[in-house]
Amino acid sequence: MNTAAQSAGVLSFEDAYEVVREHCRQILKAEGWPSEEVLLMQAVGRVLAEPVKADRDFPPFARATRDGFAVHAGDLARGLTTFRVVGQVRAGDTYDLPVASGEAVEIMTGAAVPAGADAVVMVEYTERKSVPEIDRKGREGTQSEEYKVRAGNANDDQILDIAGHEKPKRAEKLTEELVEIQRTVAAGENVVPPGAEARIGQELLPRGARLGPAQIALAAAAGRASLKVYRKPRVAILSTGDELVEVAEKPGPSQIRNSNSYSLAALVAECGGEPVQLPIAPDEEGKLTELIQEGLKADMLLLSGGVSMGKFDLVEQALKSLGAQFFFTGALIQPGKPVVFGEVGSIPFFGLPGNPVSVMVTFELFARQMVEALSGAGPSRLKSASAKLKKDFKTKTGLTRFLPAIVSGGLYDPEVEVVPWQGSGDMLAAARANCYLVVPPDREKLVKGEMVTVVMR
Ligand code: AMP
Ligand code: MG
């Protein structure tokens, strides 16, 4: 056993996880990280470097949430059932006139509820009645003028009486259409008042928000064509091992291709980092140390392989020679037990065991949150869920296991089964899986039908 492994402990999964999390919190306290302004669609998946504020009230007007009729709730409360339909307002339109008692304005979802009306009755609870025209003679104006709906500015079409006073158009209207309303509504029903979601100037998205589809939509709604986001952290990836050749090379009979650099690069990119793939490091301390130094120029370093107890597992030694501080040198998990976490100066590193499944599991459990923290986002929790176990599962106690598994089944009855595998080198098992089944360290057996925890990927 090398000295580095002795100086820092092998922790339980929970303790190791918490150690990484605490480092993430410390990192997030730092100020003044570099940021850049990018177009909205380039901001997808990035992290906000400054808050997005409401440029107007959300919603900006009293918004109807149903198709139906805007009315005075009080009219219905006092027993009125038949209303005059005085107009129609579609989404994007403005209905200019105040709605008087006894009147209803047909309204569509998303439209602005006219002044005066305080509730919307769903169209399902109404019945239109056509009434013969009355007293149309001698009136000026056509029906379409009387049923005035207008987009935009309300003040460009006023009606004046003989004396030149402004006269509400309502006074000119004929009672040609009625609607019978079969239910009462409470004031405010099916109406979202202006500013109910956010007031002008209010923070819609905080600094540090990860920009997924919902956040991008909110920024778009606030008129932000571009956003200030943090620069992506550069994450160096260094695979070690004399057995490795690059993907484009032809492996000898006992050689394998360096696939871990690719799983890690894909994972880093997925959680908002910029992967920097370094050349393969041999199991030779001088060259390995050189390449580690190269990797430490990035914001974070991920190493694959060389952290087990073998004679040629030199990663911890090389790191130690560069003044590394180790926070743990193993975790009681399977796969991935030899995982190492520490820093050289202020640069965090993880030494991940080289087996292809181990590398992915340990990234998921530990390194992901560090990449997220370095990109300015609060550490996200593991994406755990529950599912019903499909078959009995036997194991040994002592380690928390994260085994490649498949969740299937419906919305309310997810089921999970472990993917048969040849151990932590089995990349095919990893590629078939869509989650990891979690086996707690004190369980020897999981029983068919019990609810178990999975970590989704
Ligand atoms: P190590 O952790 O260095 O003992 O590596 C354990 C095993 O993982 C090796 O024997 C290889 O079979 C495999 N391995 C290590 N590094 C890689 C890599 N970069 N890509 C694919 N497989 C790897
Ligand atoms: Mg190795």
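Thresholds applied
Residues numbered from 1 in each chain as written. Chains lettered and ligands numbered in written order. Predicted model: local features only at pLDDT ≥ 70, side-chain atom pairs only at ≥ 80, totals over all residues. Heavy atoms only, no water. Helix = DSSP H or I, 4+ residues; strand = E, 2+ residues; numbered from the N terminus. Pairing = 2+ DSSP bridges. Axes fitted to C-alpha atoms, helices over the stretch in contact; angles between N-to-C directions. Parallel < 35°, antiparallel > 145°, perpendicular 65-115°, else oblique. Contact = heavy atoms within 4.5 Å. Nonpolar A, V, L, I, M, F, W, Y, C, P; charged D, E, K, R; others polar. Buried < 20%, exposed > 50% of the residue type's maximum accessible area, 1.4 Å probe, protein only. Polar contact = N/O pair within 3.5 Å; in protein donor to acceptor, adjacent residues only side chain to side chain. Left-handed = near helix turned anticlockwise from the far one by under 90°. Phe/Tyr/Trp six-rings, centres within 6.5 Å; stacked < 30°, edge-to-face > 60°. Lys NZ or Arg CZ within 6 Å of the ring centre and 35° of its normal. Near = heavy atom within 4 Å. Areas by Shrake-Rupley, 256 points an atom, 1.4 Å probe, with all protein chains shown as cover. Salt bridge = Lys/Arg side-chain N within 4 Å of Asp/Glu carboxyl O.

Description of unusual backbone geometry
Consideration 1: A cis amide bond links F58 to the next residue, P59, at an omega of -10°.
Consideration 2: The residue P59 is located in the loop between β3 (52-53) and β4 (63-64) in this model.
Consideration 3: Unlike most non-glycine residues, N190 shows phi in positive territory, near 60°.
Consideration 4: Note on placement: N190 falls in the loop between β12 (177-181) and β13 (191-192).

Here's the deal with the sheet that holds β12
The strands that make up a sheet are held in pairs by hydrogen bonds between backbone atoms, and each pair lies either parallel or antiparallel.
Consideration 1: The six strands lie next to each other as β9-β5-β8-β6-β12-β10, forming an open sheet whose pairing is mixed. Of all the strands in the sheet, the pair left with one neighbour each is β9 (119-122) and β10 (126-130). Adjacent strand axes in the sheet meet at a mean angle of 40° when their direction is disregarded.
Consideration 2: In the sheet, strand β6 (residues 82-89) pairs with β12 via three bridges, with the strands oriented antiparallel. Its bridge partner lying in β12, R84 is registered against L178.

Structural notes on the packing of helix α2 (residues 13-29) against helix α9 (residues 356-374)
Consideration 1: Packing of α2 against α9 brings their axes to within 9 Å, and their N-to-C directions diverge by 10°. Viewed along their axes, α2 and α9 adopt a mutual orientation that is roughly parallel. Every residue of α9 that contacts α2 at F13, A16, Y17, V20, R21, H23, C24, I27 and L28 is listed here: L365, F366, Q369, M370, A373 and L374.
Consideration 2: Grouping the constituent residues of the contact of α2 with α9 by class yields 12 nonpolar, two polar and one charged.

Some remarks on the environment of T126
Consideration 1: Mapped onto the secondary structure, T126 falls in strand β10.
Consideration 2: Here T126 falls in the buried class, since its relative accessible area comes to 14%.
Consideration 3: For the pair T126 and Q182, spaced 56 residues apart in the sequence, the C-alpha separation amounts to 5.9 Å.
Consideration 4: If near-sequence neighbours (up to four positions away) are discounted, T126 is found in contact with F69, V121, V179, E180, I181 and Q182.
Consideration 5: Here V123 takes part through its backbone oxygen, which lies 2.8 Å from a polar atom of the side chain of T126.

Overview of the packing of helix α6 (residues 260-270) against α9
Between two packed helices, what matters for the description is the angle formed by their axes and the separation of those axes.
Consideration 1: For the pair α6 and α9, the least separation of the axes is 10 Å and the interaxial angle reads 30°. Looking at the two axes, α6 sits roughly parallel to α9. For the pair α6 and α9, the sense of crossing is right-handed. Together, N260, S263, L264, L267, V268 and E270 of α6 and P356, V359, M360, F363, E364, R368 and V371 of α9 make up the contact between the two elements.
Consideration 2: Among the residues making up the contact of α6 with α9, the classes are represented as eight nonpolar, two polar and three charged.

Quick notes on the pairing of strand β25 (residues 347-352)
Consideration 1: β25 sits mainly inside the fold: six of its six residues count as buried.
Consideration 2: Side-chain alternation along β25 places I347, F349 and G351 on one buried face and P348, F350 and L352 on a second face that is also buried.
Consideration 3: Two strands pair when backbone bridges link them, and strand β20 (residues 300-304) and β25 are joined in this way by four bridges, in the parallel orientation. Paired with L303 across the two strands is G351, which belongs to β25.
Consideration 4: One ladder, built from five bridges, connects strand β24 (residues 340-344) with β25; its direction is antiparallel. For E343, the partnering residue across the bridge sits in β25 and is P348.
Consideration 5: Adjacent in sequence and paired antiparallel, β24 and β25 are bridged by two residues, among which G345 carries a positive phi angle near 60°.

A few points about the packing of aromatic side chains
Consideration 1: Scanning all chains against the criterion turns up nine aromatic pairs.
Consideration 2: A centroid spacing of 5.7 Å and a plane angle of 55° characterise the contact between F328 and F341, whose relative ring orientation is tilted. Placement of F328 in strand β21 (residues 325-328) and of F341 in strand β24 is noted, with a sequence separation of 13 residues between them. Across the pair, F341 and F328 agree in class, each one buried.
Consideration 3: Every member of this aromatic cluster is reached through a ring pair, and the members are F13, Y17, F327, F328, F341, F350, F366 and F402.
Consideration 4: The cationic tip of R183 hangs over the ring face of Y125; the distance from NZ or CZ to the ring centre is 3.8 Å.

What to know about the site of ligand 1
Consideration 1: Around ligand 1, the surrounding shell holds 15 residues, and the nearest of these are N258, S259, N260, G306 and G354.
Consideration 2: The contact in question runs from an oxygen atom of ligand 1 to an N or O atom on the backbone of G306, over 2.9 Å.
Consideration 3: Backbone polar atom of G354 to an oxygen atom of ligand 1: 2.8 Å apart, as the coordinates give it.
Consideration 4: Burial of ligand 1 by the surrounding chains reaches 77%, relative to a free accessible area of 480 Å².
Consideration 5: For the shell around ligand 1, the residue count by class is four nonpolar, nine polar and two charged.

Remarks on the pattern of salt bridges
Consideration 1: Scanning all chains against the criterion turns up 22 salt bridges.
Consideration 2: Measuring nitrogen to oxygen at the nearest pair gives 3.8 Å for the salt bridge that ties R90 to D93.
Consideration 3: When the shortest N-O distance is used, the salt bridge between K390 and E415 registers 4.0 Å. Taken together, the positions of K390 in the loop between β26 (384-389) and β27 (393-394) and E415 in strand β29 (residues 414-418) put the pair 25 residues apart, joining distant regions of the chain.
Consideration 4: Taking relative accessible area as the criterion, E415 reaches 29% and is therefore assigned partly exposed.
Consideration 5: Salt bridges sharing common partners tie together K390, K391, E415 and E417.

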